[in-house]
Amino acid sequence: MSDFDPGRRRFLGHLGLAGLGALGASSFLSACASSASGPAAGNGSGAVTIQSNLSSPQAKAAMEKLIETFNKQGKGTASLNTIASETFRTQLPTYLTSANPPDVYTWYAGSVANDYASRDLLLDVSDVWKSLGDYPQSLRTLSTDASGKQIFVPMNNYWWGFFYRKSNFAKWGVQEPKTWTEFLAVCETLKSKGVPPIGIGLGDTPWVASAWFDYLNIRINGAQFHRELLAGKQRFDDPKVKAVFTRWREALPYFDPKGKAYPFQEATTALLAGKTGMFLIGTFFADAAPKDALGDLDFFRFPVIDPAVPLAEEAPTDGFFASAKTANPTGTKALLSYLASTEAQEAYVKASSGIVLPANPKAKASDSPLVVKGKAMLDEAKELTQFFNRDSSDALQPTADTALTKFIDKPDQIDAILREWQAGAEKVFKG
Amino acid sequence: MTATISTTSVTPIRRRRRSARLSPLLVAFVLVPFAVESVWVFWPALQGFWFSLTRWDGMSPPAFVGTDNYVELAGDATFRGALVNTVIWLVLFGGLSVLGGFGMALVLQKERRGVGFYRAALFTPVVFSLVVTALVWRVFYQPDGVADTILRAVGLESLIRPWLADPQTALYAVILPALWRQIGYVMVLFLAGLKAIDPALHEAARMDGANSWQRLRHVTIPQLKGVNAVVLSVIVIDSLRSFDIVWSLTRGGPYHSSELLSTYMYSTAFQSLRLGYASAIAVVIFVLALAVILGYLVRAFREEA
């Protein structure tokens, strides 16, 4: 479940939608509407259907294995439908609102789930949570909706940080920076050695820039303000938001100028080849790293800017929720309980790729030094955030992509950019 | 009396004969597709008009807002940019693919040794899916990719830029692969047209002392009228529905600089989940396509009349 990756999702999606024609456009839009009562895989009191967007080969195989084990245990039967991520994302509202919806879904915690819960589309899984007493409070809060009931069962999470190659840092004679000043000093050193200090990949994956915005905002204004901003309770043209960009501007000269043109997968290659110094990214990037490079990888947390602001880290959580309309709530909850178990989560971590932390505190994560360090960082954090689109919505992400790529190109126009961002966000909140 | 009977009975018989020609099979061939189309094309299209008058996120029921979406469109800078880009696209992509396709057809119309190879080579891009095409061109445009290597080799390093990430060049960098593909397609249409011209006309013109330019101007081009109508319709429709190549290469970015109406509609609908507003954009695209094609058809009919 480490493959949260809008870039890949979108890419898969437009493969499928490539033939979208303008003349058929209006019919296309409405076809989606009229399929609201579309087919849903069979349920009833028998098999529980689980709709999964984990379509990358290893993750898919891991899920198949989990479902197979569940079926053998005799607490119920489940059948797995794996759907390409982009199709899944655009169809999810249709699944949930249909008359005969699939029972369980892989998806994200946070405002995405809460939004569906506020429309009474999600099953109350408080029963499942009764047996999850040892889960950390932060995950319980994340899985609880506005009315106080649990609607989400977390599977695992991962973290974001500045990744670098230990051998390269040693070669350049630099060490992990702790503060913003130290960070800029490291950048300056790398630049003087002819290495673009900060890698980024915005070509196909402009959403990667949101990590910079998220982190600067939670380091300067705190996680609380960040969440309010993303929920439409604060304004993007607020001076507090502008302060984020004033800081960002100090680091802009150190960004790899080629990073605008290629996607994060290639930024990964550039980092591993020593063509950039460090890269702010989530652990999923390691999917694209050759195995021999993994041992040389390390990361440091986003530097502290204001020591008075409580430490928060981006730790997107993946997991499951279920449809409120399920015909078999007992079977659905049995499946969710199984997926939350130590056994299932360890099996998933072992079978899938990537570096993730199981949500169940008793489940063992991989014991590589990188994972141990990542877990320690998240344990130390006062607050966890998800990621821009998970804390707000997929709908707000395009506004961020536009604003942030424009800022990186034209930092002088920041006032106008923030005004446009606010206007765009208002439209999204308005619907 | 007998005479009147015979005259009146003649016409009904003729009529009956004519209607008898409409066999049930033929009627079925018209009506069945029509029924299917009504459900899958016409009805959803009409619904699209209705949705353009609503605010709708795809989950809650659509809320009627009248012409709000169209009023918003009128003041939407991104929409205006997309409209301008679509016009640029229509002119550049449309114009250059007609010129290029026609030029290639003229060059490759004569049967020479190896001409089949060149025709096939030019037509090959049409065979590939545009998404695959986009992948190949992305490699071409990427930093230190083929484009940059060529420029460096000829000493034009100063021109090097992130082609798809620079708002100045993104749109044109996307038009190029679209053209690369379309020219082969248009060429085939024109080749067919050229083949259909009676060689005797050229022979006669040559006898009259017309040089090759005059023969092109006064014999070939007028003879291609029928093909032109097809090419124009194809070009207009292809321009307005251009989506895949742009979406695969730039997604309309950076910051909307290569946005077309089609990509804006898609991102509004499926990323921003504003389906009412996206439907309004779809209606605008539909009206534009209809206006251009009807405009041409009306003119074509008038000329024939």
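Just so it is clear, the structure is predicted and the values come from calculations on it, not from any experiment.

What counts, and where the lines are drawn
- Residues numbered from 1 in each chain as written.
- Chains lettered and ligands numbered in written order.
- Predicted model: local features only at pLDDT ≥ 70, side-chain atom pairs only at ≥ 80, totals over all residues.
- Heavy atoms only, no water.
- Pairing = 2+ DSSP bridges.
- Helix = DSSP H or I, 4+ residues; strand = E, 2+ residues; numbered from the N terminus.
- Contact = heavy atoms within 4.5 Å.
- Axes fitted to C-alpha atoms, helices over the stretch in contact; angles between N-to-C directions.
- Patch = residues over 30% accessible without salt bridge, like charges linked within 9 Å, V, L, I, M, F, W, Y side chains within 5 Å.
- Areas by Shrake-Rupley, 256 points an atom, 1.4 Å probe, with all protein chains shown as cover.
- Salt bridge = Lys/Arg side-chain N within 4 Å of Asp/Glu carboxyl O.
- Buried < 20%, exposed > 50% of the residue type's maximum accessible area, 1.4 Å probe, protein only.
- Arc of directions from axis to C-beta.
- Phe/Tyr/Trp six-rings, centres within 6.5 Å; stacked < 30°, edge-to-face > 60°.
- Lys NZ or Arg CZ within 6 Å of the ring centre and 35° of its normal.
- pLDDT = per-residue confidence, 0-100.
- Core = buried A, V, L, I, M, F, W, Y, C linked by side-chain atoms within 4.5 Å.

### Observations concerning the sheet that holds strand E2 (residues 78–82) of chain A
Residues and elements named next belong to chain A. Strand order in this open sheet of 6 strands is E2-E1-E3-E10-E4-E11, and the pairing throughout is mixed. Of all the strands in the sheet, the pair left with one neighbour each is E2 and strand E11 (357–358). In the sheet, strand E3 (residues 104–108) pairs with strand E10 (residues 317–322) via 5 bridges, with the strands oriented antiparallel. Bridging from a neighbouring strand, tyrosine 108 pairs with aspartate 318 of E10. The sheet strands contacting helix H3 (residues 57–73) are strand E1 (48–52), E2, strand E4 (153–157) and E10, and the helix crosses E2 at an angle near 170°.

### Observations regarding a nonpolar patch on the surface
All names here are of chain B. Nonpolar side chains collect at one region of the surface, where Leu22, Leu26, Val27, Val30, Leu31, Val32, Phe34, Val36, Val39, Trp40, Val41 and Phe42 lie side by side and expose about 1,200 Å² of accessible area between them. Turning to its location among the elements, valine 30 is positioned in helix H2 (residues 24–51). You can call valine 30 exposed: its relative accessible area is 55%.

### Here's the deal with helix H16 (residues 342–351) of chain A
Since there are 3.6 residues in each turn of an α-helix, residues three or four apart along the chain are aligned in direction. All names here are of chain A. Buried within H16 are the following residues: Ala344, Gln345, Tyr348 and Val349. Across the axial projection of H16, the buried residues extend over an arc of 130°, all falling on one side. For H16, the elements touching its buried residues are H3, E4, helix H15 (329–339) and E11.

### Thoughts on the packing of aromatic side chains
Scanning the model with the defined rule gives 56 aromatic pairs over all chains in all. Ring geometry for tryptophan 159 of chain A against phenylalanine 299 of chain A: centres 5.5 Å apart, planes inclined by 45°, an arrangement best described as tilted. With a gap of 140 residues between them, tryptophan 159 of chain A in the loop between E4 and strand E5 (160–165) and phenylalanine 299 of chain A in strand E8 (residues 297–300) connect regions that are remote in the sequence. Accessibility assignment for this pair places tryptophan 159 of chain A and phenylalanine 299 of chain A in one class, buried. Aromatic pair phenylalanine 51 of chain B and tryptophan 56 of chain B: ring centres 4.6 Å apart, planes at 15°, arrangement stacked. Residue tryptophan 56 of chain B is classed as buried on the basis of its relative accessible area of 10%. One Lys or Arg, lysine 373 of chain A, reaches over the ring of phenylalanine 299 of chain A and ends 5.1 Å from the middle of that ring. Between the NZ or CZ atom of arginine 390 of chain A and the centre of the ring of tyrosine 108 of chain A, over which it lies, the distance is 3.6 Å.

### A closer look at the confidence of the model for chain A
In low-pLDDT segments, the atomic positions of the prediction should not be examined closely. All names here are of chain A. Across chain A, the average pLDDT comes to 83, with 88% of residues at or above 70. No element of chain A has a lower mean pLDDT than helix H1 (residues 6–17), at 39, and none a higher one than helix H10 (residues 209–220), at 94. Long-range and interchain partners of residues 1–44, a stretch whose pLDDT sits below 50, account for 123 contacts in this model, where long-range means more than four residues apart.

### Description of the nonpolar core
Residue and element names in this part refer to chain A. Grouped together as the largest cluster of nonpolar side chains are 87 residues, with contacts concentrated most on Phe183, Trp212, Phe213, Phe245, Trp248 and Trp421. The biggest single contributor to this core is H10, with 8 residues. One finds Leu92, Tyr116, Leu121 and Trp129 within the second-largest nonpolar core, a separate group that totals 50 residues.

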